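Residue strings, one per chain:
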Amino acid sequence: MTEDTTTIARAAEILAEHRASIDRLDAILVFTLAERFKRTQAVGELKARHELPASDPAREETQIARLKDLASRADLDPDFAEAFLNFIIQEVIKHHEKHRT
């Protein structure tokens, strides 16, 4: 085996390791999101039962600030974290509004 062939083979091994790790992390994200939505589903049912508003802008603002801080400390783009959380919040509100009908 030439040095180039060895280098390419080693790069392929490292790539496979990274991809396997990414696959595991994707699974963790999916299961974590599923658990989160189970909890927010319960919140939505509780809010509907007690005629509380589907959204809570003050809590949303606090959560966005908290997540942006966590993102900064985790070396993740805070704007990305905010956009991601806003997406989740909008999905949760849609689910909460469904409980009202």
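We now turn to the structure provided with this report. This one's a predicted model, so the numbers in the text were calculated from it and none came from an experiment.

Conventions adopted
Residues numbered from 1 in each chain as written. Predicted model: local features only at pLDDT ≥ 70, side-chain atom pairs only at ≥ 80, totals over all residues. Heavy atoms only, no water. Helix = DSSP H or I, 4+ residues; strand = E, 2+ residues; numbered from the N terminus. Buried < 20%, exposed > 50% of the residue type's maximum accessible area, 1.4 Å probe, protein only. Polar contact = N/O pair within 3.5 Å; in protein donor to acceptor, adjacent residues only side chain to side chain. Salt bridge = Lys/Arg side-chain N within 4 Å of Asp/Glu carboxyl O. Phe/Tyr/Trp six-rings, centres within 6.5 Å; stacked < 30°, edge-to-face > 60°. Expected span 1.5 Å × (residues − 1). Arc of directions from axis to C-beta. Contact = heavy atoms within 4.5 Å.

## Side note on the side chain of Thr40
Then step 1. Relative to the helices and strands, Thr40 is located in helix 1 (residues 3-49).
Then step 2. In this structure Thr40 comes out as buried when scored by relative accessible area, which is 14%.
Then step 3. A polar contact of 3.2 Å, which involves the side chain of Thr40, links it to the backbone oxygen of Phe37.

## Some details on the pattern of salt bridges
Opposite charge on two side chains permits them to pair, given that their charged atoms come into close proximity.
Then step 1. Here the structure, examined in full by the defined rule, presents seven salt bridges.
Then step 2. Close ionic contact of Glu35 with Arg39 constitutes a salt bridge, the shortest N to O distance being 3.2 Å. Of this pair, Glu35 and Arg39 both sit in helix 1, four residues apart, which is roughly one turn of the helix.
Then step 3. Residue Glu35 is classed as partly exposed on the basis of its relative accessible area of 36%.
Then step 4. Relative accessible area serves as the criterion here: at 58%, Arg39 is assigned to the exposed category.

## Considerations on the packing of aromatic side chains
Then step 1. Per the counting criterion, the structure on display carries one aromatic pair.
Then step 2. On the numbers, 6.2 Å between centres and 15° between planes, the contact of Phe80 with Phe84 is stacked. Linking Phe80 with Phe84, this pair stays in helix 3 (residues 78-99), spanning four residues, or about one helical turn.
Then step 3. On the accessibility criterion, Phe84 (38% relative accessible area) is partly exposed.

## Description of helix 2 (residues 57-73)
Then step 1. For helix 2, built from 17 residues, the straight-helix expectation of 24 Å at 1.5 Å per residue is met to within 8% by its first-to-last C-alpha distance of 24 Å.
Then step 2. Listed in full, the buried residues belonging to helix 2 are Glu60, Gln63, Ile64 and Ala71. In an axial view of helix 2, the angular spread of the buried residues amounts to 105°, which keeps them on one side of the axis. In helix 2, the exposed positions angled more than 90 degrees off the buried face are occupied by Ala58, Arg59, Glu61, Thr62 and Arg73.
Then step 3. Considering only its buried residues, helix 2 is in contact with helix 3.
Then step 4. Looking one or two places after helix 2, you find Asp75, whose phi comes out positive at around 65°.

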